[in-house]
Amino acid sequence: MKIVAAKKILRANDQLAEENRARFKENGAFAVNIVGSPGCGKTTFLESLFRSLDGRVAPAVIEGDIASSIDAERIEKQGVPVVQINTDGACHLDATMVTAAMDGLELDKIELLVIENVGNLVCTAGFDLGENLRIVILSVSEGDDKIAKYPAIFQRSHALVITKTDFLAQSNFNVERVVGDMRRLAPEAEIFQVSALHDQGMDTVADWLVEKCKANGG
Ligand SMILES: Nc1nc2c(ncn2[C@@H]2O[C@H](COP(=O)(O)OP(=O)(O)OP(=O)(O)O)[C@@H](O)[C@H]2O)c(=O)[nH]1
Ligand SMILES: [Mg+2]
């Protein structure tokens, strides 16, 4: 019985995710779901990304957190429109929450809609939000075994961003192992290496996203 219930919830989520995707398309908004562990550097990545984009596309953010508006306040400081979702304990966003958040945004004015998911490498993997692209962030301080240990989220992502590379010199993190693990699981995925806090490597990511937005009609 429990398995049937879970399947029903996922089917309902998938249906709503398709509706979200259609709404993004209608409005010319390219949606990106950012996933990764708590503290891996998702918000710092966004802050650096918006500096790098430097107005080339019109961005907005949906911030997902269990509690607080700390991340939304950080994004707001950059002058980027943002809506905060508090999941009240849930370890991932779902398509319904994103539908509700859209009401707080002028979707037709947005070319790049970034959704920062709740920090979690497990629960976020199963829930399509209606995004066009999923980016998974892995920081050097988490260790190089994470793709092997949490494969689903990496397998279902279109890009891997290895961040906090400024820590590489003080760590035993093996970049080649991580790249190899990702290539085996998701051969088509893009792989970037950045130090978002220091704005290093971010121009390549920003250029790639601008191309995606333009191809989407933005
Ligand atoms: N040295 C270094 N620190 C970083 C980098 N990126 C993020 N940090 C630090 O890592 C910590 C967590 O960064 P956040 O961007 O808040 O991480 P997050 O993934 O958004 O965290 P949650 O939303 O709570 O899951 C902060 O102290 C950042 O300053 C980086 O590239 N290098
Ligand atoms: Mg954050």
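Further up the page is the structure itself.
Residues numbered from 1 in each chain as written. Chains lettered and ligands numbered in written order. Predicted model: local features only at pLDDT ≥ 70, side-chain atom pairs only at ≥ 80, totals over all residues. Heavy atoms only, no water.

(A) Summary view of the pattern of salt bridges. As enumerated under the stated definition, the model contains 13 salt bridges in all. As a salt-bridge pair, R51 and D199 come within 2.9 Å of each other at their nearest N and O atoms. Note that R51 is positioned in helix α2 (residues 42-53) and D199 in the loop between β7 (190-193) and α8 (202-215), a separation of 148 residues in sequence. A salt bridge links D144 to R177, with the shortest nitrogen-to-oxygen separation between them at 3.2 Å. Separated by 33 residues along the polypeptide, D144 in the loop between β5 (133-139) and α5 (146-149) and R177 in helix α7 (residues 175-185) bring together distant segments of the chain. Residue classification places D144 among the buried positions, given a relative accessible area of 13%. For R177, a relative accessible area of 37% translates into the label partly exposed. (Salt bridge = Lys/Arg side-chain N within 4 Å of Asp/Glu carboxyl O. Helix = DSSP H or I, 4+ residues; strand = E, 2+ residues; numbered from the N terminus. Buried < 20%, exposed > 50% of the residue type's maximum accessible area, 1.4 Å probe, protein only.)

(B) Structural view of the sheet that holds strand β1 (residues 30-36). Spatial strand order, β3-β2-β4-β1-β5-β6-β7: seven strands in an open sheet with parallel pairing. Of all strands in the sheet, those with a lone pairing partner are β3 (82-86) and β7, marking the two edges. Sheet twist, expressed as the average angle between the axes of neighbouring strands with direction ignored, equals 20°. Pairing of β1 with β5 involves five bridges; the strand directions are parallel. Its bridge partner being in β5, V32 is matched across the sheet by L133. Where helix α4 (residues 95-102) meets the sheet, its contacts fall on β2 (59-65), β3 and β4 (112-116), and the angle it forms with β3 comes to roughly 140°. Along the sheet face, α8 touches β1, β4, β5, β6 (159-163) and β7 and points at about 145° away from the line of β7. (Pairing = 2+ DSSP bridges. Axes fitted to C-alpha atoms, helices over the stretch in contact; angles between N-to-C directions. Contact = heavy atoms within 4.5 Å.)

(C) Region of interest: the packing of aromatic side chains. Under the defined criterion, the tally for this structure stands at one aromatic pair. For the ring pair F192 and W208, a centre distance of 5.2 Å and an interplane angle of 55° mean the geometry is tilted. With F192 in strand β7 and W208 in helix α8, this residue pair connects regions lying 16 residues apart in the sequence. Judged by relative accessible area, W208 falls into the buried class, the value being 12%. (Phe/Tyr/Trp six-rings, centres within 6.5 Å; stacked < 30°, edge-to-face > 60°.)

(D) A look at the site of ligand 1. Ligand 1 sits among 20 residues. The nearest are K42, T43, T44, R74 and D166. Here C40 contributes a backbone N or O atom positioned 3.2 Å from an oxygen atom of ligand 1. G41 is positioned such that a nitrogen or oxygen atom in its backbone is 2.9 Å from an oxygen atom of ligand 1. Compared with its free state, where it exposes 660 Å², ligand 1 has 75% of that area covered by protein. More than half of the atoms belonging to ligand 1 lie within 2 Å of the grid points that define the largest pocket. (Near = heavy atom within 4 Å. Polar contact = N/O pair within 3.5 Å; in protein donor to acceptor, adjacent residues only side chain to side chain. Areas by Shrake-Rupley, 256 points an atom, 1.4 Å probe, with all protein chains shown as cover. 1 Å grid on protein atoms, 1.4 Å probe; cavity = no way out; pocket = protein on both sides within 12 Å on 5 of 7 lines; lining within 4 Å. Sits in = over half its atoms within 2 Å of the grid points.)

(E) Molecular detail of the layout of surface pockets. Here the largest pocket is characterised by a volume of approximately 330 Å³. Lining the largest pocket are 22 residues, with G39, C40, G41, K42 and T44 sitting closest to its centre. At the level of elements, α2 and α3 (70-76) are the ones that each hand at least two residues to the lining of the largest pocket. Here the lining of the largest pocket gets four residues from one element, more than from any other, and that element is α2. In the lining of the largest pocket, the residues fall into seven nonpolar, eight polar and seven charged. (Points joined across faces, edges and corners; volume = space filled by probe spheres on them. Nonpolar A, V, L, I, M, F, W, Y, C, P; charged D, E, K, R; others polar.)

(F) Quick look at the coordination of the magnesium ion (ligand 2). The coordination sphere of the magnesium ion (ligand 2) contains the protein donors T43 (OG1), D71 (OD) and E116 (OE), at a distance range of 2.1 to 2.2 Å. When the donors of the magnesium ion (ligand 2) are listed by position in the chain, the intervening gaps give T-x27-D-x44-E. With D71 in helix α3 and E116 in strand β4, this pair connects stretches of sequence that are 45 residues apart. Each member of the pair, D71 as well as E116, is classed as buried. (Donors = N, O, S within 2.8 Å, 3.2 Å for Na, K, Ca; no water.)

(G) Fine view of the pairing of β7. Where β6 meets β7, four bridges bridge the pair, whose relative direction is parallel. Paired with L160 across the two strands is I191, which belongs to β7. The handedness of the β6 to β7 crossover, carried by α7, is right-handed. (Right-handed = clockwise from strand over helix to strand, strands pointing away.)

Without other data, these values stay purely geometric and don't point to any function.
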